[in-house]
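Here is how the chains run, residue by residue.
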Amino acid sequence: MSFAATLIPAFLATPKPSSWAIPSLPSLLELFPPWLLAVPKKKTSHSRKAMRSANKGLKDKQNLVHCESCGSPKLAHNLCPKCYRELNIAWKAKNRSA
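Notes on the structure in this doc start here.

Secondary structure assignment for the protein chain yields four helices and two strands. Moving toward the C terminus, one meets the helices and strands of the protein chain in the order α-α-α-β-β-α. Counting the 98 residues in the protein chain, one finds 6% classified as buried. With an accessible surface of roughly 10,000 Å², the protein chain has 63% of that area assigned to carbon and sulfur atoms.

Following the sequence through the fold, Lys74 ends up in strand E2 (residues 73–75). Reaching out from Lys74, the side chain makes a polar contact with the backbone oxygen of Asn78 at a distance of 2.9 Å. Leave out the neighbours within four places in its chain, and Lys74 touches Asn63, Leu64, Val65, Cys67, Leu79, Cys80 and Pro81.

Turning next to the environment of His77. With respect to the helices and strands, the residue His77 is situated in the loop between E2 and helix H4 (81–97). Classification of His77 as exposed rests on a relative accessible area of 82%. For the pair His77 and Leu64, spaced 13 residues apart in sequence, the C-alpha separation works out to 9.7 Å.

Scoring rules and cut-offs
Residues numbered from 1 in each chain as written. Predicted model: local features only at pLDDT ≥ 70, side-chain atom pairs only at ≥ 80, totals over all residues. Heavy atoms only, no water. Helix = DSSP H or I, 4+ residues; strand = E, 2+ residues; numbered from the N terminus. Buried < 20%, exposed > 50% of the residue type's maximum accessible area, 1.4 Å probe, protein only. Areas by Shrake-Rupley, 256 points an atom, 1.4 Å probe, with all protein chains shown as cover. Polar contact = N/O pair within 3.5 Å; in protein donor to acceptor, adjacent residues only side chain to side chain. Contact = heavy atoms within 4.5 Å.

Next comes the structure, spelled out in structure tokens:
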């Protein structure tokens, strides 16, 4: 034996056959993560979709009050759209004249 052969371990010195064979997998769960395979088993019918979305309708507004200045209905804690429109027109006319 040569001096170099005594320094290299035996498992590195022996050549290994190179093969690119894919190892056999017992199931796809080992290849892909579980969340990737989460798909429905059956198609959701139109009736079932309609029943699920039946309670998603718009709800009635409960916080309607009357504006103190003009009396038109408005949402509580919000500006009255009618009064705001009148103020906005007045502000724009003032800015145009100035």
